[in-house]
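# A structural walkthrough
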Amino acid sequence: MDIYTIIFLRLRNVLGQRTGNERPPFDRTARNVVQGAQDNNVVPMPGAVIDQAPLAPTADVAPALDRWKGLAESGTPLAQGLDAIAAQDPSFDPRHFLSGARSAYEMIVLAFANGDRRALKDLLSSEVYESFENVISDREENEQKTEKGFV
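Let us look at the structure shown here. (Residues numbered from 1 in each chain as written. Predicted model: local features only at pLDDT ≥ 70, side-chain atom pairs only at ≥ 80, totals over all residues. Heavy atoms only, no water.)

Turning our attention to the overall build of the chain. Looking only at helices and strands, the chain features five helices and zero strands. Taken from the N to the C terminus, the helices and strands of the chain come in the order α-α-α-α-α. The burial tally for the chain puts 23% of its 151 residues in the buried class. In the chain, once contacts between residues fewer than 6 apart in sequence are set aside, the share between residues at least 24 apart is 59%. Summed over its atoms, the accessible surface of the chain is roughly 11,000 Å², and 53% of this surface lies on carbon and sulfur atoms. (Helix = DSSP H or I, 4+ residues; strand = E, 2+ residues; numbered from the N terminus. Buried < 20%, exposed > 50% of the residue type's maximum accessible area, 1.4 Å probe, protein only. Contact = heavy atoms within 4.5 Å. Areas by Shrake-Rupley, 256 points an atom, 1.4 Å probe, with all protein chains shown as cover.)

Glancing now at helix 3 (residues 94–114). In this model, helix 3 (21 residues) spans 30 Å end to end at C-alpha, consistent with the 30 Å of a helix rising 1.5 Å per residue. Looking only at helix 3, the buried set comprises Pro94, His96, Ser99, Ser103, Tyr105, Glu106, Ile108, Val109, Ala111, Phe112 and Ala113. Measuring from the side-chain oxygen of the N-cap residue of helix 3 to the backbone nitrogen of arginine 95 gives 3.1 Å; that N-cap residue is aspartate 93. Phi turns positive, to about 70°, at glycine 115, one or two residues after helix 3. (Expected span 1.5 Å × (residues − 1). Polar contact = N/O pair within 3.5 Å; in protein donor to acceptor, adjacent residues only side chain to side chain.)

What follows deals with the nonpolar core. Judged by nonpolar contacts, Ile108, Ala111, Phe112, Ala119, Leu120, Leu124, Tyr129 and Ile136 together constitute the single largest core of eight residues. Residue assignment for this core shows that the elements contributing at least two residues are helix 3, helix 4 (117–123) and helix 5 (126–141). The element best represented in this core is helix 3, accounting for three residues. Excluding residues within four positions of it along the chain, isoleucine 108 makes contact with Leu120, Leu123, Leu124 and Phe132. Judged by nonpolar contacts, the second largest core, of six residues, contains Trp68, Ala72, Leu82 and Phe92. (Core = buried A, V, L, I, M, F, W, Y, C linked by side-chain atoms within 4.5 Å.)

Let us look at the packing of helix 3 against helix 5. A pair of packed helices is captured by two measures, namely the crossing angle of their axes and the spacing between those axes. Where helix 3 meets helix 5, the axes come as close as 9 Å, and the angle between the chain directions of the two elements is 35°. Across the interface between the two elements, Ile108, Phe112 and Ala113 of helix 3 pack against Phe132, Val135, Ile136 and Arg139 of helix 5. Counted by class, the contact of helix 3 with helix 5 contains six nonpolar, no polar and one charged residues. (Axes fitted to C-alpha atoms, helices over the stretch in contact; angles between N-to-C directions. Nonpolar A, V, L, I, M, F, W, Y, C, P; charged D, E, K, R; others polar.)

Another point: the pattern of salt bridges. Applying the stated rule across the entire model yields two salt bridges. Across the pair arginine 117 and glutamate 133 runs a salt bridge, and its minimum N-O distance is 2.9 Å. Remark: glutamate 133 occurs in helix 5 and arginine 117 occurs in helix 4; sequence separation between them is 16 residues. On the accessibility criterion, arginine 117 (23% relative accessible area) is partly exposed. Between arginine 117 and glutamate 140 there is a salt bridge, with the nearest N and O atoms lying 3.0 Å from each other. Within this pair, whereas arginine 117 is found in helix 4, its partner glutamate 140 is found in helix 5, the two being separated by 23 residues in sequence. In the salt-bridge network here, residues are joined through shared partners; they are Arg117, Glu133 and Glu140. (Salt bridge = Lys/Arg side-chain N within 4 Å of Asp/Glu carboxyl O.)

Dropping the structure here:
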């Protein structure tokens, strides 16, 4: 296996797969959000289709013991960490966060595979972008092609 396949598989295992039911990112800094209004602050990436979905809940509706059901067991350090984040940001929804992370992962991997420097520059820090750009340049110099796809 080449290094790109290993990186791809490791990232895929960590972040998961896109299911098609993800919510688009939402603007946590918006102050005057009207319930039921379409979020016009979402800017789709070129070639990406973003379905409008409800915003993440702003209030904790689950009892404390069931709050992180399916994500973390009650009393574990992970559950405590999620409680600490939720205490600072009551609108925090870890499922929504993970959904966004999966979408970002897919956009980054596909942009990397396509050699789309512009998209990568918008999605990555300058240090990470430099590494990706160097690999893309090496690929181009060696006339290597990539195959990509998500299941």
